[in-house]
Amino acid sequence: MWVSDDIVQHVLEPLQAMPAEHVDRADAPGHGLNVYGPTVIAASGGAVLQQVMSTWIAQFPESLENVELEFAAAVLAVDPVEGELISRHQGGLPDDPWTAGADLAADLAECARHGEAFIEVVQIPRARFVEQIGTLAEFGRLAAEGSHFVLHLGI
């Protein structure tokens, strides 16, 4: 199953306490997602995954047409070939109970140290958001039961 990178960036911090195995990094702490490599989530991590995803879905009322994810972004350079801005962005969801809403301001300050900082808003149709996050919650439930595991291959 494919999940939007924008969504993955927003769940990184809430999942930092999730027990997991980073199979390509022996020095890894054994928690959270390995963004650039494989992560195996088994029973104990599955319970955390299910709880985080279910809680996150509940934050967005059914009446919303789109879910807006805010990112702190910094323009780092201009691509000499394409003439497009090269930027990096970091996630931060205001008023997110898992991150206490402080990440966007901190990320914006961090981005400002590397270039022109701004806030980028990404809109995702709520139906697609709920489908992807709901599927992750279901995968977490199956892993928590011990009958399956979740394999995240990175972004």
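Residues numbered from 1 in each chain as written. Predicted model: local features only at pLDDT ≥ 70, side-chain atom pairs only at ≥ 80, totals over all residues. Heavy atoms only, no water.

Trainee: What am I meant to see in the overall build of the chain here?
Mentor: When its secondary structure is counted, the chain shows 4 helices and 5 strands. Counting from the amino terminus, helix and strand elements in the chain follow one another as α-β-α-β-β-α-β-α-β. A separation of at least 24 residues holds for 64% of the contacts in the chain among residues at least 6 apart in sequence. Put simply, the chain shows about 8,500 Å² of open surface, and 54% of that area lies on carbon and sulfur atoms. (Helix = DSSP H or I, 4+ residues; strand = E, 2+ residues; numbered from the N terminus. Contact = heavy atoms within 4.5 Å. Areas by Shrake-Rupley, 256 points an atom, 1.4 Å probe, with all protein chains shown as cover.)

Trainee: Can you help me understand the nonpolar core in this one?
Mentor: Among soluble globular proteins, nonpolar side chains are generally buried collectively. Among the nonpolar cores identified, the biggest contains 25 residues, and I7, L15, M53, W56, F129 and I133 are the most heavily contacted of them. For this core, the elements supplying multiple residues, two or more each, are helix 1 (5-11), helix 2 (43-58), strand 2 (66-78), strand 4 (116-125) and helix 4 (126-145). Sequence-distant contacts of L15, defined by excluding residues within four places in its chain, comprise G32, L33, V48, L49, V52 and M53. (Core = buried A, V, L, I, M, F, W, Y, C linked by side-chain atoms within 4.5 Å. Buried < 20%, exposed > 50% of the residue type's maximum accessible area, 1.4 Å probe, protein only.)

Trainee: Can you help me understand the environment of N34 in this one?
Mentor: Tracing the backbone through its elements, the reader meets N34 in the loop between helix 1 and strand 1 (39-41). A sequence separation of 120 residues divides N34 from G154, and the C-alpha atoms of the two residues are 6.4 Å apart. Contact partners of N34, with chain neighbours within four places excluded, come to H22, D24, R25, T39, H152 and G154. Among the polar contacts made by the side chain of N34, one reaches the main-chain amide nitrogen of G37 at a distance of 3.4 Å. (Polar contact = N/O pair within 3.5 Å; in protein donor to acceptor, adjacent residues only side chain to side chain.)

Trainee: Can you walk me through the confidence of the model for the chain in this structure?
Mentor: Low pLDDT means the predicted atomic positions in that stretch should not be read closely. The predicted model of the chain averages 75 in pLDDT, with 66% of residues at 70 or higher. Predicted confidence is poor over residues 85-102, with pLDDT under 50, and the contacts of this stretch with residues over four places away or in other chains come to 65 contacts. (pLDDT = per-residue confidence, 0-100.)

Trainee: Is there a simple way to think about the pattern of salt bridges in this case?
Mentor: Close approach of charged atoms allows side chains of opposite charge to pair. A complete count under the given rule lists 2 salt bridges for this structure. R141 serves as the salt-bridge partner of E138, at 2.4 Å between the closest nitrogen and oxygen. Residue E138 and its partner R141 are both found in helix 4; the two are separated by 3 residues, about one turn of the helix. Residue E138 is classed as partly exposed on the basis of its relative accessible area of 33%. Its relative accessible area of 28% is what places R141 among the partly exposed residues. A salt bridge links E145 to R141; the shortest N-O distance between them is 2.5 Å. Within this pair, E145 and its partner R141 are both found in helix 4, separated by 4 residues, close to a single helical turn. Judged by its relative accessible area of 52%, E145 falls in the exposed class. (Salt bridge = Lys/Arg side-chain N within 4 Å of Asp/Glu carboxyl O.)

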